[in-house]
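Summary of the model geometry
What follows is each chain in one-letter form.
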Amino acid sequence: QVQLVESGGGLVQPGGSLRLSCVASGFTFSTYVMSWYRQAPGKERELVAGISSAGGFTNYADSVKGRFTISRDNAKNTLYLQMNSLKPEDTAVYYCNARRLSEPTRDYWGQGTQVTVSS
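I will try to describe carefully the structure that is included in this document.

What counts and how
Residues numbered from 1 in each chain as written. Predicted model: local features only at pLDDT ≥ 70, side-chain atom pairs only at ≥ 80, totals over all residues. Heavy atoms only, no water. Phe/Tyr/Trp six-rings, centres within 6.5 Å; stacked < 30°, edge-to-face > 60°. Helix = DSSP H or I, 4+ residues; strand = E, 2+ residues; numbered from the N terminus. Lys NZ or Arg CZ within 6 Å of the ring centre and 35° of its normal. Pairing = 2+ DSSP bridges. Axes fitted to C-alpha atoms, helices over the stretch in contact; angles between N-to-C directions. Buried < 20%, exposed > 50% of the residue type's maximum accessible area, 1.4 Å probe, protein only. Disulfide = S-S within 2.5 Å.

Glancing now at the packing of aromatic side chains. Counting across every chain of the model gives four aromatic pairs. Look at Tyr-32 and Tyr-108: their rings are 5.9 Å apart centre to centre, the planes differ by 25°, and that puts the pair in the stacked class. Note that Tyr-32 is positioned in the loop between β3 (18–25) and β4 (33–39) and Tyr-108 in strand β10 (residues 106–109), a separation of 76 residues in sequence. Chaining the aromatic ring pairs together yields one cluster made of Phe-27, Tyr-32 and Tyr-108. Of note, Arg-72 hangs over the ring of Phe-29, and the distance from its end group to the ring centre comes to 4.5 Å.

Here's what the structure looks like:
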């Protein structure tokens, strides 16, 4: 049974930091591209950051470059998102995504964790 379980969300003041984690099980984590997405109320889900299967390549949305860092530990089947200098516009539900690009392709989602940036 595939599971992606996010944690680490919460309420933080502007300028603060949070570290999200996503623990994966039920599939070969090290062969999947992993990403963080977010969805704010009334908006579409958007890509925040992605990381290649071995961790050697990362990409970020322009809105989070220089503030967020995505990483992974394949030995622990865990994905991370370090979020610094948080802004109110970062408020959203953050989702972990696992994607296998080779056939048969697969696409898995976590249940999401709420991040609220407010004073």
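We now examine the sheet that holds strand β7 (residues 68–73). The four strands lie next to each other as β1-β3-β8-β7, forming an open sheet whose pairing is antiparallel. The strands lining the two open edges of the sheet, one partner per strand, are β1 (3–7) and β7. The sheet shows a mean angle of 15° between the axes of neighbouring strands, direction not considered.

Now for the pairing of β7. Side-chain positions along a regular strand alternate between the two faces of the sheet. The side-chain alternation of β7 yields one buried face, formed by Phe-68, Ile-70 and Arg-72, and one unburied face, formed by Thr-69, Ser-71 and Asp-73. Where β7 lies against strand β8 (residues 78–83), six bridges are found, and the strand directions are antiparallel. Its bridge partner being in β8, Ile-70 is matched across the sheet by Leu-81.

Further remarks concern the state of the cysteines. One pass over the full model with this rule turns up one disulfide. Covalent S-S linkage joins Cys-22 and Cys-96, the inter-sulfur distance amounting to 2.1 Å. Handedness of the Cys-22-Cys-96 disulfide follows from its S-S torsion of about -75°: it is left-handed. With Cys-22 in strand β3 and Cys-96 in strand β9 (residues 92–100), the pair connects residues that are 74 residues apart, well separated along the chain. Like Cys-96, Cys-22 is buried.

Another aspect to go through is unusual backbone geometry. In this structure, Pro-104 follows Glu-103 across a cis peptide bond, with omega equal to -5°. Within the fold, Pro-104 resides in the loop between β9 and β10. In the Ramachandran plot, Asn-77 falls in the positive-phi region, its phi being about 55° despite a non-glycine side chain. Relative to the helices and strands, Asn-77 is located in the loop between β7 and β8. Although it is not a glycine, Ser-85 adopts a positive phi angle of roughly 50°. By the element assignment, Ser-85 lies in the loop between β8 and β9.

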